[in-house]
Amino acid sequence: MVNNVRLTLIPSAKKMPAQRLVFMVLSGLIFVVLVVLCLLLTKGSRGAPHPARENAADFIIDEVNPENIMYYLRHLTSRPHPGGTKAEEENARWVADTWRTMGLDEVHLVPFDVLLSYPKNDTPNLVRVLNEEGEAVWTSHGWQEPLYSPEESSPEVLPNFNAYSAPGNIMGDVVYAYFGREKDFEQLEDLGVSVEGKVVLARYGEVFRANIAWAAERRGAAGVILYTDPQQYAPMGEDAVYPKTVYMPGSGVQVGTVLLTDGDPLTPFYPAVASAYRLPERNSSVPKIPVQPVSYDDAREILRHMGGPEAPAEWRGGLNVTYRLGPGMAQAGWTLNLEVHTHNARATTYDVVGVIRGSEEPDRYVILGNHRDAWVFGGVDPSSGTAALLEVTRVLTSLRNQTGWRPRRSVVVCSWGSEEYGLVGSKEWTEQFGKQLMDRTVAYINVDLSIEGNYSLRTLSAPLLYDTVFEAAAKVPNPDAAEVAAGRPTVYDTWAERLPDEGHPGRPRVGIAGSGSDYRAFMHNLGVPVLDICYTYDPKVNVEPLYHTLYETFALVGELYDAGFSFQAALTRLWAIMAVDLADTQVLKFSLKEYSSFLADAQEEFLQEYGDLISSRNISMASAYRLPERNSSVPKIPVQPVSYDDAREILRHMGGPEAPAEWRGGLNVTYRLGPGMAQAGWTLNLEVHTHNARATTYDVVGVIRGSEEPDRYVILGNHRDAWVFGGVDPSSGTAALLEVTRVLTSLRNQTGWRPRRSVVVCSWGSEEYGLVGSKEWTEQFGKQLMDRTVAYINVDLSIEGNYSLRTLSAPLLYDTVFEAAAKVPNPDAAEVAAGRPTVYDTWAERLPDEGHPGRPRVGIAGSGSDYRAFMHNLGVPVLDICYTYDPKVNVEPLYHTLYETFALVGELYDAGFSFQAALTRLWAIMAVDLADTQVLKFSLKEYSSFLADAQEEFLQEYGDLISSRNISMAYFKKVVEEFSEAIYMFIDDLSHLDTSNVLAVRRVNDQLMMVERAFIDPRGLPGRPDYNHVVMAPSISDSYSGTAFSGLSDALDGIQDLDPVQQEERWATFAQHLAAVTHYISTAAKVLSDDLW
């Protein structure tokens, strides 16, 4: 292995003459003086672009060195390096060392423990044709035949295999299924040929191999054999193949995964870290039948022996043999034997992540990525891309070192592990750091491979990045001399000429990013705009012939595709220029008009194809889909409330045994269980005419726009609807909201005040029916609200008693309410006389927190009011306040009755409206505090304490039960400690914050706002996808009250009363959710930094 990295060719030093030395010293002094003058003249022009940014493209074009790319590629292709092997790990460490040598600000290896798949090196997978005696008359090749490059004979080359194939030794009939598409299997069925119990022979080239395997497995096939037909892979004939050309020789075999899902199959949706829950392999997405690739030389032999009718003409390929459908062999008694020893095994794969930290927005990322693992040598896929990534990195660090440039935003370079198995490295990384990446990533630019042909640039892109790639491609000199001679001097020119966009004349075609490489998770899970680029072949060829074969070598790239490495150098220049453009531009130049055009064109195309079909069903294209009412969650039985006078009469007539003592209430009647009446033949009649009807409800939303951060919201909310008069619920709260709004606008009008952040006031409609107005609003505007809302403060009702303030809150807002309550004068004259002058004082006295002496109790926000969606779906910190009754009373007696009137509030609860005025003052003060403070005063230490206390309480209650199952809670305990450590580090860093730097302040506030969001699991709690907060959510048995770790406690409550099968299911649910909770607490710790490792 070569340890030194040659970066550029530097002339040897010569002794300098004295006169020249004096001249250079004087010139240097003059230069320094000029620089100082320039700095003085430009002092204060902070917004002026750095000169290096202006000239970065020219620097990049000159600096990219094809010889470096060649050197990197030579090293990377020197030995096989499949994912999870020692060779892949060594390559990871080499890449990391190379990046450190180049001078990246940080470089880290990020390991994942994943399920991968390998053949047996001493027992290759084989296909045989057996005669009637069971003897092999023909056997396939276990390895591909070395043809040209010395490394092709390496003993490290693995036998031919398809990753994640099930092992098996099958004997049976074979059926030819063309390309193995759904329509091909359907055509076989139409032709009367069943694949059930058969071995399917199918061709590569039209759909992903995993789709072929899955379609066959779903139809009951016993196994699958895949091959590359020379019709596509050797179109010039079987003599014009590698090493003479780039086409597939008869011994070539395309290796690859047949896993249909992406990422580690044992840890779907969550990162494969030490604390992860792993599915039993039998329950994972790995195929359940053997699948094996063969060469077309081997496929010829299988087809030559097959019987059955001839295949349709269009199914026939380029082999000089009669293509038959099967099933079975032409020779009676002969059969096919498929013997596969491929096995799955846990292995460690490594991502390598490096950073050039941004100077102004270090928490905004432009990410460049390529995977590093290859099935064999990976000359094209991926090592040509890895070589380009290494050179991009060298060029960008040189730009920094030689010109003083530093990107405005951070440039993150990523070398992914085990992509070939199913995008494993990138998928696990985006699962581990998805919260941060979704929030902070500007764009992801992927190069799976830099060259698979030399015909034209090919791009797949989100429309937002169209202009980025168009403009950059127009800057890069064309590496094709013939094209330059033809008057096309840039990469863009040839791209537009050879791959034109038929819908937009004069510009090149851009494809849609599907799921073929590491951009998948960024685009399709995180919503990050992506771009994938490479140099490609003439689309008439339709395939990369030597894809994933033994012959994808350095020689293939350096001798057949790109002898001077000029095309790869052009691709590297393009990649680096786009990275700098995205990292440096002050206002992102996203192609919004292109997205608009794309959506309009896509919609038109969709309606042209399916419009008539849709119209035939009278389906509107203009509105929300509504479930049939019978399929909705509305109750299916009559329900009716009655007074206790009426209940007394029902109970008085009831028969059956007496109710248990604790079930008896306050009515002067014997409480009986029933069933039925005491009088024989008597019965109960429940007649309910309640009906459901569509209606319009309205939210009212008002704004006092912020002066500095108008896109950050402090939201105040109360609902407006009432079952009758709503004197308490909600109108006491509505009155307070109106007064808060008047006071804040008076503050603005009389003093010139305007909040730093926007204050949004919301009057919700139809809350009583199930939080309808707020839930619908947060569903409509959830993306914006999740990203922009600082806090939501709810007052469902301002008063339900006059005993004390009552709060429900996220821990982040504890200090906010404590400090504000200590500013508000106490409305209770008796309490003031007793030495408690503030609202806080009475609150702490009458509702003390037993766990924290001297301070008041704060409850957990459950699901009883409009804060529900903000907290439990969006991850916005919430606070709910009201004046309440003595907890000995335990209820608001006239809740939702006819008697909840103005008189109840004004005569019995709050004759002078002083308690409601105090609540209003508190609400307004908190709104101003949250809207105005430069750095958000979120109570991080309180959250740390809350988590530690909640964890301790949970383990006290369930620890012994969990231990009886030998389930470790070590990781759960550890992440709570890590959360605390991260908080103290963050607070320490905060003490050094330059508050005059608006971007630095924004960065800190964004991190603070991410803490609550970090606890949101998009998949929801077990069995409850509509509750997403893993720390605080109502129990499944009580949707009003909040509970810490309810997903865990719900899984364990009553578990010992279940039958053994149900117990095992419940324990699996607990273990899975425990891993999810652990992951999201870890995420909450990590969002307080910029770390992505």
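This text goes with the structure placed above it.
Model, not experiment: these values are computed from the prediction.

What counts, and at which threshold
- Residues numbered from 1 in each chain as written.
- Predicted model: local features only at pLDDT ≥ 70, side-chain atom pairs only at ≥ 80, totals over all residues.
- Heavy atoms only, no water.
- Axes fitted to C-alpha atoms, helices over the stretch in contact; angles between N-to-C directions.
- Helix = DSSP H or I, 4+ residues; strand = E, 2+ residues; numbered from the N terminus.
- Parallel < 35°, antiparallel > 145°, perpendicular 65-115°, else oblique.
- Left-handed = near helix turned anticlockwise from the far one by under 90°.
- Contact = heavy atoms within 4.5 Å.
- Expected span 1.5 Å × (residues − 1).
- Buried < 20%, exposed > 50% of the residue type's maximum accessible area, 1.4 Å probe, protein only.
- Phe/Tyr/Trp six-rings, centres within 6.5 Å; stacked < 30°, edge-to-face > 60°.
- Pairing = 2+ DSSP bridges.
- Right-handed = clockwise from strand over helix to strand, strands pointing away.
- Salt bridge = Lys/Arg side-chain N within 4 Å of Asp/Glu carboxyl O.

Trainee: Hey, could you run me through the packing of helix H30 (residues 940–963) against helix H34 (residues 1060–1086) in this one?
Mentor: A packed helix pair is summarised by two numbers, namely the angle formed by the two axes and the spacing between the axes. With their axes 15 Å apart at the nearest point, H30 and H34 run at an angle of 160 degrees to one another. The angle between H30 and H34 falls in the class roughly antiparallel. Regarding H30 and H34, the two cross each other, and that crossing is left-handed. Across the interface between the two elements, Leu947, Phe954, Leu961 and Ile962 of H30 pack against Trp1067, Phe1070 and Ile1081 of H34.

Trainee: What should I look at first to understand helix H18 (residues 566–584) in this one?
Mentor: Quick reminder: α-helices carry 3.6 residues per turn. Residues three or four places apart thus point the same way. With 19 residues, H18 ought to run about 27 Å at 1.5 Å a step, and its terminal C-alpha atoms sit 27 Å apart, in line with that. Of all 19 residues in H18, 17 are buried; the element is thus mostly enclosed.

Trainee: Teacher, can you tell me more about the packing of aromatic side chains here?
Mentor: Two aromatic rings, taken as a pair, are described by how far apart their centres are and by the angle between their planes. This model, assessed by the stated rule, comprises 47 aromatic pairs. Where Tyr466 meets Phe470, the ring centres are 6.0 Å apart and the plane angle is 45 degrees; that geometry is what we call tilted. With a gap of 4 residues between them, Tyr466 and Phe470 both fall in helix H13 (residues 466–473), about one helical turn apart. Residue class for Phe470 comes out buried when judged on its relative accessible area of 9%. Here Tyr883 and Phe915 contribute two aromatic rings whose centre-to-centre distance is 5.2 Å and whose plane-to-plane angle is 75 degrees, an arrangement assigned as edge-to-face. Taken as a pair, Tyr883 in strand E23 (residues 878–884) and Phe915 in helix H29 (residues 914–932) lie far apart in primary sequence, 32 residues in all.

Trainee: I tried to follow the sheet that holds strand E14 (residues 409–416) on my own but got confused; where do I start?
Mentor: Within a sheet, adjacent strands bond to each other through the backbone by hydrogen bonds, running parallel or antiparallel. Read from one edge to the other, the open sheet built from 7 strands follows the order E1-E12-E14-E13-E15-E17-E16, with strand pairing classed as mixed. At either end of the open sheet lies a strand with only one pairing partner, and these are strand E1 (106–118) and strand E16 (456–461). If you compare each strand with its neighbour and ignore which way they point, the axes differ by 20 degrees on average. Of the pairings in the sheet, the one linking strand E13 (residues 361–371) to E14 comprises 8 bridges and is parallel in character. Looking at E14, one finds that Val366 is bridged to Val411. Against the sheet, helix H5 (residues 86–102) makes contact with E1, strand E12 (343–356) and E14, and its axis sits at roughly 5 degrees relative to E12, the strand it touches most. Each of E13, E14, strand E15 (441–446), E16 and strand E17 (530–536) touches helix H16 (residues 519–526); the most contacted strand, E17, lies at about 145 degrees to it.

Trainee: Where do I start with unusual backbone geometry in this structure?
Mentor: Backbone phi values are negative for most residues with the exception of glycine, while trans is the configuration of most peptide bonds. Across the junction of Asp381 and Pro382, the peptide omega takes the value 10 degrees, indicating a cis bond. You can see Pro382 is positioned in the loop between E13 and helix H10 (383–403). We note that His896 has phi near 65 degrees; this positive angle belongs to a residue other than glycine. With respect to the element layout, His896 can be found in the loop between E23 and helix H28 (902–909). Since its relative accessible area comes to 27%, His896 is described here as partly exposed.

Trainee: I'm lost on the sheet that holds strand E21 (residues 789–794) in this one. Help?
Mentor: Taken in spatial order, the 6 strands of this open sheet run E18-E20-E19-E21-E23-E22, and their pairing is mixed. Each having just a single partner strand, strand E18 (700–704) and strand E22 (804–809) make up the two edges of the open sheet. Each strand axis lies, on average, 20 degrees off the axis of its neighbour in the sheet, ignoring direction. Pairing between E21 and E23: 3 bridges, direction parallel. What sits directly across from Asn794, in E23, is Asp880. Its contacts with the sheet put helix H26 (residues 839–846) on E22 and E23, and the angle it makes with E22 is roughly 80 degrees. Against the sheet, helix H32 (residues 998–1013) makes contact with strand E19 (709–719), strand E20 (757–764) and E21, and its axis sits at roughly 30 degrees relative to E19, the strand it touches most.

Trainee: How should the pairing of E20 be read in this particular structure?
Mentor: Two faces belong to every sheet, and in a regular strand the side chains alternate between them. Of all 8 residues making up E20, 8 are buried, and the element is well covered by its neighbours. Relative to E20, E18 runs antiparallel, the two sharing 5 bridges. Residue pairing across strands places Ile704 opposite Val759, the latter belonging to E20. The pairing of E19 with E20 spans 8 bridges and is parallel. Opposite His719, over in E20, you have Trp764 as the bridge partner. Each parallel crossover has a hand, and for E19 linked through helix H21 (residues 731–751) to E20 it is right-handed.

Trainee: Just to check I follow, could you spell out the pattern of salt bridges for this structure?
Mentor: Pairs can form between side chains of opposite charge whenever their charged atoms are close. Summed over the entire model, instances satisfying the criterion amount to 70 salt bridges. In this structure, the salt-bridge partner of Arg79 is Glu90, at a minimum N-O distance of 2.4 Å. In this pair, Arg79 is assigned in the loop between helix H4 (66–76) and H5 and Glu90 in helix H5, connecting sequence segments 11 residues apart. Overall, Arg79 belongs to the partly exposed group, its relative accessible area being 25%. Two residues, Asp886 and Lys888, come together in a salt bridge whose shortest N-O distance is 3.5 Å. Through salt bridges with shared partners, one network takes in Asp363, Arg364, Asp711, Arg712, Arg1002 and Asp1006.

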